[in-house]
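# Coordinates in review
Listed below are the residues making up each chain.
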Amino acid sequence: MKFVVLFEDAADADPGIRAAHMKEHIAFLEDNAEAVEAAGPLTGGENRGRDGLWIVEAEDQSEVEKLIHADPFWPTGLRASFSILPWKQVYRDGRGLISS
């Protein structure tokens, strides 16, 4: 099952915290590439990274939560909260994935 994870960054997080932990975060994503299909920050008005989004393939929501809590960003105080939303993909690579 696919899930979209939306992260909200803490308003009072150190502005350099993302850059300081990015190498470990990317290594974590690469180690979990079977589950985390895509990931990246959303951008603020000045094209700076803020918040974040993942697309995850997992059995259930608890599996997604385990990934979130294993991410090196989690214990740093960067993330204020997250939402896990089940997602049904109906279009990919130029074609529909369901029949009408």
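Basis of the calculations
- Residues numbered from 1 in each chain as written.
- Predicted model: local features only at pLDDT ≥ 70, side-chain atom pairs only at ≥ 80, totals over all residues.
- Heavy atoms only, no water.
- Core = buried A, V, L, I, M, F, W, Y, C linked by side-chain atoms within 4.5 Å.
- Buried < 20%, exposed > 50% of the residue type's maximum accessible area, 1.4 Å probe, protein only.
- Helix = DSSP H or I, 4+ residues; strand = E, 2+ residues; numbered from the N terminus.
- Contact = heavy atoms within 4.5 Å.
- Pairing = 2+ DSSP bridges.
- Salt bridge = Lys/Arg side-chain N within 4 Å of Asp/Glu carboxyl O.

## Re the nonpolar core
With 14 residues, the main nonpolar core has Val-5, Trp-54, Val-56, Val-64, Leu-67 and Ile-68 as its most contacted residues. Looking at this core, the elements with two or more residues in it are strand E1 (2-9), helix H1 (17-31), strand E3 (49-57) and helix H2 (61-70). Look past the residues within four positions of Val-5 in its chain and what remains in contact with it is Gly-52, Leu-53, Trp-54, Val-56, Val-64, Ile-68, Phe-82, Ser-83 and Ile-84. One finds Ala-10, Ala-13, Ile-17 and Phe-73 within the second-largest nonpolar core, a separate group that totals five residues.

## A closer look at unusual backbone geometry
If you check the backbone angles, Asp-93 has positive phi at about 55° while not being a glycine. Looking at the secondary structure, you find Asp-93 in the loop between strand E5 (91-92) and strand E6 (95-96). Classification of Asp-93 by relative accessible area gives exposed; the value is 70%.

## A word on the pairing of E1
The buried fraction of E1 is high, at six of eight residues. Here eight bridges tie E1 to strand E4 (residues 79-87), and the two strands are oriented antiparallel to one another. Across the sheet, residue Phe-7 finds its bridge partner in E4, namely Phe-82.

## Some thoughts on the pattern of salt bridges
Enumeration over the complete set of coordinates arrives at five salt bridges. Notably, a salt bridge pairs Arg-18 with Asp-9, separated by 2.3 Å at the nearest N-O pair. Accessibility expressed as a relative area gives 13% for Asp-9, which makes it buried. When the shortest N-O distance is used, the salt bridge between Arg-79 and Asp-9 registers 3.0 Å. Of this pair, Arg-79 sits in strand E4 while Asp-9 is found in strand E1, placing the two residues 70 residues apart along the sequence. Judged on exposure class, the residue Arg-79 and its partner Asp-9 are both buried. Each of Lys-2, Glu-37 and Glu-57 takes part in salt bridges that share partners, so that together they form one network.

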